[in-house]
Amino acid sequence: MLSRLSTRLRTSLAAGLAALLLLGGGAWWLRSRLYDAQLAAAESEAQAQARELSNGFKYGRQLANNGQLPYLVLDRGGQLVLMGGPLTTQHLVGPLPTLVPDLAPDNWQSVQRIAIGPVGTAAANRYSGRTFVAMGAWSPLLDKDGLQPKPGSSPFTIYVLATPFAAEASLHTIDPVLRVGVPAAALLVALMAWVATSRALRPVEAIRAELAEIGEHRLDRRVPVPPSGDEITRMARTTNATLDRLERSAAQQQRFVADASHELRSPIAALRTNLEVSLAHPERTDWPAATQEALTSVERLQQLTEDLLFLARGTHPATAGQLTTVDLAAVLRELADQYRPVLDARLVLRVDTPEAVLVRGSRIRLHRLVRNLLDNAKRHAATEVVLSARQTAFGCVLEVRDDGPGVPPEDRERIFEPFTRLDEARSRDAGGSGLGLAIAADVATRHGGTLRVAHAPRGARFVLELPSA
């Protein structure tokens, strides 16, 4: 049930309960310490009064009105000799000799459980049913010089009752304050926690409201960033950074879909035009040539579809193939053997690589990467394409060079974007879809490497750097 409450209510209840427990424990401790301190003061006062009474009794002074606390004077047999204060013999419960043991000379001790029975006067009623601590003093009668006990005199015992009334009065004074003050303080803490939590959550509510308004067609909106500089500020900045990435991703996806639609429209339009013209004039149609032209358009559609499918599946682990140790030198030699029979007679394909250059990755994807680079170099080379690979102290380096027109410095980053063609390569008849280099760069990134266009004295020089196996 508590988990269904709002955050501010849960926080306020927790703060109020914690304050109630802490303040209640502190009040109980303060109450106990105050009571104990008052009792200790009463015992000290009783001891001082017992000494004063003892000294006065030794010299025969008047004792009836001495002191503020009630006291008893007993002879050696335990018989009451004198009493002072609002106390009479009928108030004492039980025989005095059993309740008040003898005290040895110069010995002071606390006598527990001096009980007071039912009283008959209003003045003594405050003692009814209570148990006190009695402070006792042993005192003989001295001679006239005050030096020796009188002959035949017996010692007397004086008891002064340490009453708890001052301690109880202090509790009666402080208890109403604590009963009202502790819950009030706990309630105040809960209200302060409510206000503080409400102010702290106000930016969160603003962020939530703004996120609720952001939709597919409103990705340019951003959540407000509070100026406090705390965790909520960092959360708002992170949220805005995430929205930036989502907006860029959505824009790239829209551009990709538009470019893909444009690329697909051209071969489809060419294929449809060829078929319509052939069907409209079947007697004048060169059917072998028309069929060959249609087949070319279909092959281009097939290649473009495969490239799009490769990019779409690029993030799925199941399409990456098994990760193994791949020999890049063997991949270069294999591709060179496949391409040499179909190259134009004017082109020369050379492979410059040691026996083995080992990397860790997917052989299928790395094979596709090198093939795309080789297709791009073959399309732009004038007379020569060179493939090379080498092992370095930091990894493996693969280069694909051609002696074509090269890549301008301002376009060396842009050519790795999907559907990007430079002016020299915009002819779709050349067979390029604008996805080969984008796929190559994507594969390099997913293998922890980089693909870039490096400076070359002539032509283009693509450099692939991968970590070693």
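Residues numbered from 1 in each chain as written. Predicted model: local features only at pLDDT ≥ 70, side-chain atom pairs only at ≥ 80, totals over all residues. Heavy atoms only, no water.

### A closer look at the sheet that holds strand E9 (residues 384-391)
(1) Moving on: Taken in spatial order, the five strands make up an open sheet running E7-E9-E10-E12-E11, and their pairing is mixed. Two strands close off the open sheet at either side, each with one partner strand: strand E7 (348-352) and strand E11 (450-454). In this sheet, neighbouring strand axes are inclined to one another by 15° on average, regardless of whether the strands run parallel or antiparallel.
(2) Moving on: Inspection of the sheet shows E11 paired to strand E12 (residues 461-466) by five bridges, in the antiparallel sense. In the sheet register, Val453 faces E12, and the bridge partner there is Phe462.
(3) Moving on: Where helix H6 (residues 328-339) meets the sheet, it contacts E7, E9, strand E10 (396-402) and E12, and its direction lies at approximately 165° from that of E7.
(4) Moving on: Across the face of the sheet, helix H8 (residues 436-446) comes into contact with E11 and E12 while running at roughly 130° to E11. (Pairing = 2+ DSSP bridges. Helix = DSSP H or I, 4+ residues; strand = E, 2+ residues; numbered from the N terminus. Axes fitted to C-alpha atoms, helices over the stretch in contact; angles between N-to-C directions. Contact = heavy atoms within 4.5 Å.)

### Section: the packing of helix H3 (residues 165-213) against helix H4 (residues 231-280)
Angle between the axes and distance between the axes are the two parameters that describe a pair of packed helices.
(1) Moving on: Axis separation between H3 and H4 bottoms out at 10 Å; the angle between their running directions is 15°. Classed by the angle they form, the pair H3 and H4 counts as roughly parallel. The interaxial crossing formed by H3 with H4 has left-handed handedness. In this structure, H3 contributes Ala200, Pro203, Val204, Ile207 and Leu211 to the contact, and H4 contributes Ile232, Met235, Ala236, Thr239 and Leu243.
(2) Moving on: Considered class by class, the residues forming the contact of H3 with H4 number nine nonpolar, one polar and no charged. (Parallel < 35°, antiparallel > 145°, perpendicular 65-115°, else oblique. Left-handed = near helix turned anticlockwise from the far one by under 90°. Nonpolar A, V, L, I, M, F, W, Y, C, P; charged D, E, K, R; others polar.)

### What to know about the pairing of E12
(1) Moving on: Of the strand pairs in this sheet, E10 and E12 are connected by six bridges, and their pairing is antiparallel. Note that in E12 the partner of Cys396 across the bridge is Leu466.

### Some words on the nonpolar core
(1) Moving on: Counting 47 residues, the largest nonpolar core has Leu328, Leu349, Leu369, Leu373, Phe416, Leu451 and Phe462 as the members making the most contacts within it.
(2) Moving on: When contributions to this core are tallied by element, the ones reaching two or more residues are helix H5 (287-312), H6, helix H7 (363-380), E9, E10, H8, E11 and E12.
(3) Moving on: Examining the composition of this core, we find that seven residues originate from one element, H6, more than from any other.
(4) Moving on: In terms of nonpolar packing, the next biggest core, distinct from the first, is built from eleven residues, Ala46, Ala50, Val73 and Ile158 among them. (Core = buried A, V, L, I, M, F, W, Y, C linked by side-chain atoms within 4.5 Å. Buried < 20%, exposed > 50% of the residue type's maximum accessible area, 1.4 Å probe, protein only.)

### Quick notes on the packing of aromatic side chains
(1) Moving on: Under the definition given, this model contains one aromatic pair.
(2) Moving on: Note that Arg8 overlies the ring of Trp194, its terminal NZ or CZ placed 5.8 Å from the centroid. (Phe/Tyr/Trp six-rings, centres within 6.5 Å; stacked < 30°, edge-to-face > 60°. Lys NZ or Arg CZ within 6 Å of the ring centre and 35° of its normal.)

### Describing the layout of surface pockets
(1) Moving on: Roughly 350 Å³ of internal volume is contained in the second largest pocket.
(2) Moving on: Along the lines of polarity and charge, the residues of the lining of the second largest pocket split into three nonpolar, four polar and three charged. (1 Å grid on protein atoms, 1.4 Å probe; cavity = no way out; pocket = protein on both sides within 12 Å on 5 of 7 lines; lining within 4 Å. Points joined across faces, edges and corners; volume = space filled by probe spheres on them.)

### Some thoughts on the confidence of the model for the protein
Low pLDDT marks stretches whose predicted atomic positions should not be read closely.
(1) Moving on: Averaged over the protein, the pLDDT score is 77; the fraction of residues at 70 or greater is 75%.
(2) Moving on: Per-element averaging of pLDDT across the protein places helix H2 (residues 96-99) at the bottom with 47 and E12 at the top with 93.
(3) Moving on: Low pLDDT, under 50, characterises residues 119-124; the predicted model gives this stretch nine contacts beyond four residues in sequence or across chains.
(4) Moving on: Low confidence marks residues 424-431, where pLDDT is under 50. Its contacts with residues over four positions away, or in another chain, come to nine contacts. (pLDDT = per-residue confidence, 0-100.)

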